[in-house]
Amino acid sequence: MIVVSAKELTKAYGTDVILDKVSFHINKGERIGIIGINGAGKTTLLRMLTGEIPCESGDFFISSELQTGYMKQDGGFHSERTVIEEVEALFSRFGIIEKDMEEILSRIDSGDKDRTLIDRYDRLQEKYRTQGGYTYKSEITGILSSMAFKEDSYDKKISSLSGGEKTRLSLACLLLKSPDILFLDEPTNHLDIGTLKWLEQYLKGYKGTIVLVSHDRYFLNETVTRIFEVENHKLQIYEGTYSFYATEKRNRREAELRKYEKQQKEIQRQEEIIRRFKQHGTEKLAKRAASREKRLSATEIIDRPESGHGKLKLRFKENFQSGRDVIFAENLSKGFGYGSSHVELFDNVDLDIKRGERICIVGANGIGKTTLLRMLMGDLTCNRGRIKIGHNVQFGYYDQGQQLLNGENTVIGELQDAYRLYSDTEMRNILGRFLFRGEMVFLTVDSLSGGERARLALLKLMLSGANVLILDEPTNHLDIESKEVFEEALLDFPGTCIIVSHDRYFLNRIPTRIMELTARGMENYLGVYDYYVEKKQRQISSGKKYLDELAGRSALAGIDRGDEAQLSAADKRKFQKEQEASERRIKRQKEMLEKEIETLEAEMGFLEEEVCKQENMTDHEKLSSISAAMEEKRRTLEAKYENWLELQ
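Not measured: the values here are computed from a predicted model.

## Description of the overall build of the chain
Point 1. Along the chain, the regular secondary structure elements total 20 helices and 18 strands.
Point 2. Expressed as a percentage of its 648 residues, the buried residues of the chain come to 42%.
Point 3. Taking contacts inside the chain between residues at least 6 apart in sequence as the whole, the part at least 24 apart equals 69%.
Point 4. When the accessible surface of the chain is summed, it comes to about 34900 Å², and 48% of that surface belongs to carbon and sulfur atoms.

Next up, the structure:
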């Protein structure tokens, strides 16, 4: 069933064409990922589909029976309400029903014997129940908790929330509405890895249709089934995940390039033959040359397969090499405030970083990753511990908010302030490599988009010649193509990299070591993100084995497992960790069951469509076969639901 259909959509701002005759359709339950470079028109396409902006020509269709939900990139909040007030406003209909029910009860209690009152009360109560009146508060708590909103943050004003908190609140509000079609614009911005994984699992189990814009390649691989690429004002469709798209696009481009080169060789061959025919000067050969020229002029020339936009050119160089020992730190501790208002971020952090390593630091939001980077560079002091910087170390810093850029400067002026030895011509050439061309170099930094500011900050970092790059969420505002160029530049860099990132695709390519920052210290994992996840799972499994052994020893000693007072402090910590591991195991089992349930429901939907087909209605044997298959899947589905409810 087609739920979204578009035909020759066109959008332009003045003479600047953004989208040109874009056509596609989306079926019910599909998960679409829209990708493209910054400024390609991805958000414009979403805004057209949600009715926020009109199109110049073409039309699109969304079933009027379906409810749509749109999460904007900036959160879209302009409210002075608190977090809980904003969320509860979504369920204001229940307050109206509750008020009506209370009024009816009050009238009945005061002696009103009108039978219609009781009937009306019963109808309201049934409506309240079927629409989720008895469960919506627990749904609110569950979604807010998953989005890292604790109860003590419910009364915070929305205006006081950070950009990341607004993103998470916007996502929570949208998920609570449970629309039939989800339109999501960069939903992964500002989310930590734990919240990202939760969101992925939620979207995998979502029964509706999803259309999302994202630059997060790992997230796209986990959540979408089709890729729409907006490029050169057109839309290309790829039937698969991001990895399929990346392979297929490369194959398509190589095939187009081979086709182009083959035609060019044939054109050159024909031109050479024509030239030779003309050289001989005979009438017969002249006629043959003219005939070939006519055929050649009628040939449809294939354009060279190149993208209409430029490609970022980035290469990091170090002015001089650092010593082998880059950073050594031990027993680092950091917190803010004094007395009862003191907040401890982390403690007992040890570091030993050598030249040439690419260290990626991960950890929950708010744990102090950016603070740690600034401590290593000397911008902040530690409460306890010591940091030793090695010989000849020169830091280059990229901050995720680009606060080191002067917003009042022009683009070229920002570079000239930092690097005065370059001539204007050299500066313009360098800026051109970073896609700042023509009049763009005279734009103010404040007027640049997030991706453009990120490119400017990377350019300044490249020119610094630093041998130790300190990077705080460097891929946040880069489009996919720029991310890949940036990753290649880091892999070729001979110096040392210390990077904070939540980009799991990036974390699977770049690090030689992953370090997880926790409140209790730093854990080291040699390898990339997938190895880090696998090692964490093994640690959880070994912890479970320890708990079982501990339970056996406790039973032999006559100690009740729940009586933690008789356990040592170390055993208590182990016991608590294993309880948490058990909860995670149950969660994984639930997620696996939800996937199986989703598959079974899709298969039953397919069989139902088969029954309704005209050619099958008169085929009794086929109908009988389909009916038997549906009954078997129904029984399996019921069993899966029972297992899921037990885990609940």
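## Some remarks on the packing of helix α12 (residues 411–418) against helix α13 (residues 424–433)
Two quantities define a packed helix pair, namely the angle between the helix axes and the distance between the axes.
Point 1. Between α12 and α13, whose axes approach to 11 Å, the crossing angle comes to 115°. Like other packed secondary-structure pairs, α12 and α13 cross with a definite hand, here right-handed. Judged by residue contacts, Val411, Ile412, Leu415 and Gln416 of α12 engage Asp424, Met427, Arg428 and Leu431 from α13.
Point 2. Across the contact of α12 with α13, the residue classes tally to five nonpolar, one polar and two charged.

## Some thoughts on the sheet that holds strand β10 (residues 325–336)
Through backbone hydrogen bonds, the strands of a sheet pair up, either in parallel or in antiparallel fashion.
Point 1. Strand order across the open sheet formed by three strands is β11-β10-β13, with antiparallel pairing between neighbours. Every other strand in the sheet has two partners, leaving β11 (343–354) and β13 (384–389) as the edge strands with one partner each. Taken pair by pair, the neighbouring strands of this sheet meet at an average axis angle of 15°, ignoring direction.
Point 2. The pairing of β10 with β11 spans eight bridges and is antiparallel. Opposite phenylalanine 328, over in β11, you have aspartate 352 as the bridge partner.
Point 3. Most of the contacts of helix α11 (residues 369–376) go to β10, to which it runs at about 130°, and overall it touches β10, β11 and β13.

## Some thoughts on the pairing of strand β15 (residues 468–472)
Point 1. By the criterion of burial, β15 is predominantly enclosed, with five of the five residues buried.
Point 2. Sheet topology note: the strand β14 (residues 395–398)/β15 ladder contains four bridges and is parallel. Across the sheet, phenylalanine 395 pairs through a bridge with valine 468, a residue of β15.
Point 3. Alignment of β15 against strand β16 (residues 496–500), held across five bridges, turns out to be parallel. Residue valine 468 lies in a different strand from β16, and its bridge partner there is threonine 496.

## What to know about the packing of aromatic side chains
Point 1. Scanning the entire structure with this criterion turns up 17 aromatic pairs.
Point 2. Their ring planes at 10° and their centres at 6.1 Å tell us that phenylalanine 91 and phenylalanine 94 sit as a pair that is stacked.
Point 3. The buried category is assigned to phenylalanine 91, whose relative accessible area is 6%.
Point 4. Between the aromatic rings of phenylalanine 316 and phenylalanine 493, the centroid separation amounts to 6.2 Å while the plane-to-plane angle is 70°, which identifies the pairing as edge-to-face.

## Here we look at the sheet that holds strand β3 (residues 31–35)
Point 1. The sheet built from six strands is open, its strands ordered β5-β6-β7-β3-β8-β9 with mixed pairing. Two strands bound the open sheet, and with one partner strand each, they are β5 (68–71) and β9 (234–238). For this sheet the average axis-to-axis angle between neighbouring strands, irrespective of direction, equals 15°.
Point 2. Relative to strand β7 (residues 209–213), strand β6 (residues 181–185) is paired through five bridges, and the arrangement is parallel. Counterpart to isoleucine 181 in the pairing with β7 is threonine 209.

## What to know about the pairing of β6
Point 1. Among the five residues that make up β6, five are buried, leaving the element largely enclosed by the rest of the structure.
Point 2. A two-sided burial pattern is seen for β6, the buried positions comprising Ile181, Phe183 and Asp185 on one face and Leu182 and Leu184 on the other.
Point 3. As paired elements, β5 and β6 share four bridges and run parallel to each other. By the bridge assignment for β6, glycine 69 is matched with leucine 182.
Point 4. As a crossover connection, the stretch from β6 through helix α7 (residues 193–204) into β7 is right-handed.

## Here we look at the packing of helix α9 (residues 242–280) against helix α10 (residues 283–298)
Point 1. Interaxial distance between α9 and α10 falls to 8 Å at its minimum, and their mutual angle equals 155°. When the interaxial angle is binned, α9 and α10 end up roughly antiparallel. Note on packing geometry: the crossing formed by α9 with α10 is left-handed. Listed contacts from α10 to Ile267, Gln270, Glu271, Ile273, Ile274, Phe277, Lys278 and His280 of α9 are Leu285, Arg288, Ala289, Arg292, Glu293 and Leu296.

## Some details on α7
Point 1. End to end, α7 covers 16 Å across 12 residues, agreeing with the expected 16 Å (1.5 Å per residue, within 8%).
Point 2. Burial analysis of α7 places nine of its 12 residues in the buried class, the great majority of the element.
Point 3. Every buried residue of α7 is listed here: Ile193, Thr195, Leu196, Trp198, Leu199, Glu200, Gln201, Leu203 and Lys204.

## Overview of the confidence of the model for the chain
Point 1. Scored by pLDDT, the chain comes out at a mean of 83, with 87% of its residues at no less than 70.
Point 2. Residue range residues 553–567 is modelled with pLDDT below 50. Its contacts to residues more than four positions away, or to other chains, number 11 contacts.

## Details of helix α4 (residues 115–130)
Point 1. Its 16 residues place the ends of α4 23 Å apart at the C-alpha level, agreeing with the 22 Å of an ideal helix rising 1.5 Å per residue.
Point 2. Turning to α4, its buried residues number three or more, namely Leu117, Tyr121, Leu124 and Tyr128. The buried residues of α4 occupy an angular sector of 65° when the element is viewed end-on, so they sit on one face. Structural note: α4 exposes Arg115, Arg123 and Thr130 on the side pointing more than 90 degrees away from its buried face.
Point 3. Of the surrounding secondary structure, the elements contacted by the buried residues of α4 are α3 (92–109) and α5 (136–146).
Point 4. Note on α4: the residue one or two positions beyond its end, glycine 132, has a positive phi of about 95°.

Analysis parameters
Residues numbered from 1 in each chain as written. Predicted model: local features only at pLDDT ≥ 70, side-chain atom pairs only at ≥ 80, totals over all residues. Heavy atoms only, no water. Helix = DSSP H or I, 4+ residues; strand = E, 2+ residues; numbered from the N terminus. Buried < 20%, exposed > 50% of the residue type's maximum accessible area, 1.4 Å probe, protein only. Contact = heavy atoms within 4.5 Å. Areas by Shrake-Rupley, 256 points an atom, 1.4 Å probe, with all protein chains shown as cover. Axes fitted to C-alpha atoms, helices over the stretch in contact; angles between N-to-C directions. Left-handed = near helix turned anticlockwise from the far one by under 90°. Nonpolar A, V, L, I, M, F, W, Y, C, P; charged D, E, K, R; others polar. Pairing = 2+ DSSP bridges. Phe/Tyr/Trp six-rings, centres within 6.5 Å; stacked < 30°, edge-to-face > 60°. Right-handed = clockwise from strand over helix to strand, strands pointing away. Parallel < 35°, antiparallel > 145°, perpendicular 65-115°, else oblique. Expected span 1.5 Å × (residues − 1). pLDDT = per-residue confidence, 0-100. Arc of directions from axis to C-beta.

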